[in-house]
Structures are given as structure tokens and as C-alpha cells.
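Chain by chain, the residues:
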Amino acid sequence: MVIHEGDIAVNVGRSAVKCNGDKCRWSKNDTGTVNVPYTLSSEFKLADVSAIRSAMQDFSTLTCVQFTPRTVELDYLQIIAGSGCWSLIGKVGGRQSLSLDTECVGRGTIQHELNHALGFIHEQSRSDRDDYIDIIQGNIIPGTEVNFLKYDSNNLGLEYDYSSVMHYGRYAFSNSLWADTPTIVPKPDASKPIGQRYGLSTLDIAKINKLYQCGVCRTLLSNSTGSLTSSNYPNNYLSNNNCLWLIRLPSNQIFLQFNAFDVVSSPACASDYLRIYDGSSRSAPVLLDRACGAGQLPPVISSGNTMLLEFISDNGTEATGFTASYSTVTCGATLTSTMGNISSPNYPSNYPPSTDCAWVITAPTGFVVSLNMTDFDVEYTTRNCAYDYLLVFNGPKTTSPLIGRYCGKSVVPSITSSGSSLLLQFHSDNAIQLKGFLAKYAFVTQN
């Protein structure tokens, strides 16, 4: 086995550049799923196995490709804890090895090698790369120039992707790590980030779905803020929807708010519904289960940096659907227990700088939320609490009536919502940090 371009394994007599014909693709079954059987070496640690399977899950969530444990299949991936990170390009037939050593079990690196196995070359090797990047030959380590060859690739009619998980970094094979010796410079903006290994990009997913003709309704949202809508909104959504949106931030948590919601109502929301998961797959805990009907939905806050939305519709009557927006928060939660505590991060120690938190408290029908502050010490300013502050909204949204903006050591009055929800938002700047706050909440009968 010869390793080419750092991580592409080349069989003698086989092209490592372009996989022509269906024989080099993994086959699709009658249900439209592309199953890629695999085995995992027993040498992998439990944490590595978990990381590999989690990285595989993104393909299952966002494409029609599913990596499935091998049973009796003749064509399969043998994932080994070998030396280095490498893979063959596309399906070669029989048992084909893919290597992930201990340095290769990060999410993006795993997905990079799996994408090779699906048939994808490096992004900077595609035929039109000269329109988007410059290769600085004088900065390349002598003898490694072969890693920057350009090929007659199948670009699938999709644009060049600087943020692809398949793209080399700016200093790949550089003869120095100083900032003035990059080997790849994007253009026209030389400062544009390239070569991430965080995870599949939006275009990576589009390319997989186009190459394998998946025809699935799947969307990845990876910006720190964004929005999403049901199909055809504000007109009626389509029948027989089965759509997924994965919100995946580099870090922190996700604060999702609904601007409109109108989904056909049915007993137990059995026909059309929206479900939200606290994670990246449908096996994650449920944040909002089978929502339907018309009216206001409460915001939801993830516990981590991923959130999955699933929308299902049958072939009957349809409605306008929904529109929602999201942003990032560094802490917070969706609270539905009968009573509980809310505190600033690190309480009773000082809260951290540059922090934004959100808590949504939602009581069941017939109840309101009672909030009592037991301790409060937040940086004070006479300029309308401009630096660090706590906002309390009489409702679940940032557009709900503002009850108060609080800072300093002043006593925060007891608060009772007029409806079933309160929203609390805490902000700190990068200057002074104090102890923060501790509050208790409870659901009480609505008068």
C-alpha cells in the first residue's frame, strides 16, 4: 500500500483521483439508503469507538449514507488502529482498510477519511482550484510537491468549498510554520479561513447527497446565528415531509426561538409534528416532543453545541408551517420542573467575563411562574445597567414585555408571570466580575 497526499491509500493499478462508474460507489438499497458496512479493530479504546460512531452519525442524519456494522457483506470497510490516518478513494471491493491512529480520532479527521472512502478527493486537488487558491510552490517542503497536484475531478456542479472538511490547511507541508510561509493562499481574500477539521461542512453534505442521489430533506446550520423555515413557508408546507435541521455550533449552547408556528393539529400530534432533540441525532434526549397546532411555541435551549429539529407531515391537509431563529449562548437551560434554582455561572464564585446566558421557564397550562431573587451582586453602572445585567421578560421571547433590567446590589422584587413563561437573560462584559445571582422559581396556580 502506497500513501499519497498524506492520507490517500493507493492500490497498485488503481486511480486514487477519480472514481468512475457505479462500481466505485457504495450501492443504494430499495429504500434509498446507501449502507456502508464496517468493522472496528479491537485495539480501539472505548472513547475512540464512541468518537468514530458519533462522527458516522452525522452522515446518517444529514445524508442517505449509513455506516452500519458488518454482518456477512463481502464489500466493507475494515477500520484499523494503524499507523497514521489514511483511506482508499471510493469502494474498491472486498475488505478495504481505513486507518485511524490515536491522533486521528477527532470528529473532523474521522469524517475526512470516511469521505475519502465514499469517493471524495481533497478539495484543493479539484480541477478548478486555480480559480480559488494559489499554491505557493517555494514554501513547500522539497520532495512533497506531489501532495499539491491537481486532477480532472468530478465537481458535481457545486462551488469550491474553503470550509470543507476535505480541504488542506494553510500551512500543509510548509517548510516553516511562520505566518509568511503558507503553502495554500485563498483568493481573492488571502485571509479567508481554510482547512477546518471540526466536521462536515454544508457543501460537504450537499456533495454527498448529489453524488449518491440521496433526494433527502436535510440541512446543516453552522453559523453562530441563523434561521430556518419549513418547506414552502409562508405558503403551505409540502405533503409527506421528512426533514431534519442540524444546528451545530463550534462551542457553547443554542437558543432557538419560534417566530411563527402553524402545523395541522391531530390527536397526540400523530400526523404532522415538529420534534426537537438535545443533540445531533434522534437518539438524543427530547427537548420538545411532537408539537402541532397553531400558536406560540416556547424557546428551547440545548445543553451542548448541537440541536436537531425533525419535521414530519403526512399526505393530508397542510398548513403554513413554522419559522424560527437561533443564536448562541454560553449557558442556560429550558426549565419545566415544578420548582428549581437559577444562578449565574460559577455562583457563588465570580461569574466569567464575556458571558451570555438564557433560561426559559415554562409552566403547564393553568399555572404561572413565580420568581424570587435570594442573592444579587452584579456590576453596577448608572448608564442603565449597560455593562453587566439581568433581563427578565414577561413571556418566553426577547420580544415579550420587559419586566426589568437589573444590576448592582439592589433588591430585585418578586416577579410573577402573567402567562405561563418567563425568560431570563444574563450578560457580562470583559471588565469587572462579581458573585452574580441566585434565584428560586416555582409554578403556582393561575388566579
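Right, let's walk through the structure included here. (Residues numbered from 1 in each chain as written. Predicted model: local features only at pLDDT ≥ 70, side-chain atom pairs only at ≥ 80, totals over all residues. Heavy atoms only, no water.)

Take the state of the cysteines next. Under the definition given, this model contains six disulfides. Across a sulfur-sulfur distance of 1.7 Å, Cys85 and Cys104 are joined as a disulfide pair. With the S-S dihedral at roughly -75°, the linkage between Cys85 and Cys104 falls on the left-handed side. Residue Cys85 is found in strand β6 (residues 85-87), and its partner Cys104 is found in the loop between β7 (95-100) and α2 (107-118); the two are separated by 19 residues along the sequence. When the bonded cysteines of the protein are numbered from the N-terminus onward, they pair as 1-4, 2-3, 5-6, 7-8, 9-10, 11-12. (Disulfide = S-S within 2.5 Å. Helix = DSSP H or I, 4+ residues; strand = E, 2+ residues; numbered from the N terminus.)

Counted according to the given criterion, the structure contains 13 salt bridges. Linking Lys207 and Glu123 is a salt bridge whose minimum nitrogen-to-oxygen distance equals 2.8 Å. With a gap of 84 residues between them, Lys207 in helix α3 (residues 202-211) and Glu123 in the loop between α2 and β8 (133-135) connect regions that are remote in the sequence. The pair formed by Lys207 and Glu123 is uniform in burial state, with each residue classed as buried. (Salt bridge = Lys/Arg side-chain N within 4 Å of Asp/Glu carboxyl O. Buried < 20%, exposed > 50% of the residue type's maximum accessible area, 1.4 Å probe, protein only.)

Here we come to the sheet that holds strand β25 (residues 402-406). Within a sheet, neighbouring strands are paired by backbone hydrogen bonds and run either parallel or antiparallel to one another. Strand order in this open sheet of five strands is β20-β22-β27-β24-β25, and the pairing throughout is mixed. Two strands lie at the open edges of the sheet, namely β20 (331-335) and β25, each paired on one side alone. The sheet shows a mean angle of 10° between the axes of neighbouring strands, direction not considered. Relative to strand β27 (residues 421-428), strand β24 (residues 389-393) runs antiparallel, the two being bridged by five bridges. Note that in β27 the partner of Leu391 across the bridge is Gln425. (Pairing = 2+ DSSP bridges. Axes fitted to C-alpha atoms, helices over the stretch in contact; angles between N-to-C directions.)

The bulk of non-glycine residues show a negative phi, and the bulk of peptide bonds are trans. Residues Lys187 and Pro188 are joined by a peptide bond in cis, for which omega reads 10°. A cis amide bond, omega 5°, links Tyr347 with the succeeding residue Pro348. Mapping Pro348 onto the fold places it in the loop between β21 (339-343) and β22 (355-362). Even without glycine at this site, Asn232 takes up a positive phi of about 75°. Residue placement: Asn232 occurs in the loop between β11 (226-229) and β12 (242-248). The class of Asn232 is partly exposed, set by a relative accessible area of 44%. Despite not being glycine, Cys269 has its phi angle at roughly 50°, a positive value. With respect to the helices, strands and loops of the structure, Cys269 is situated in the loop between β13 (253-263) and β14 (273-277).

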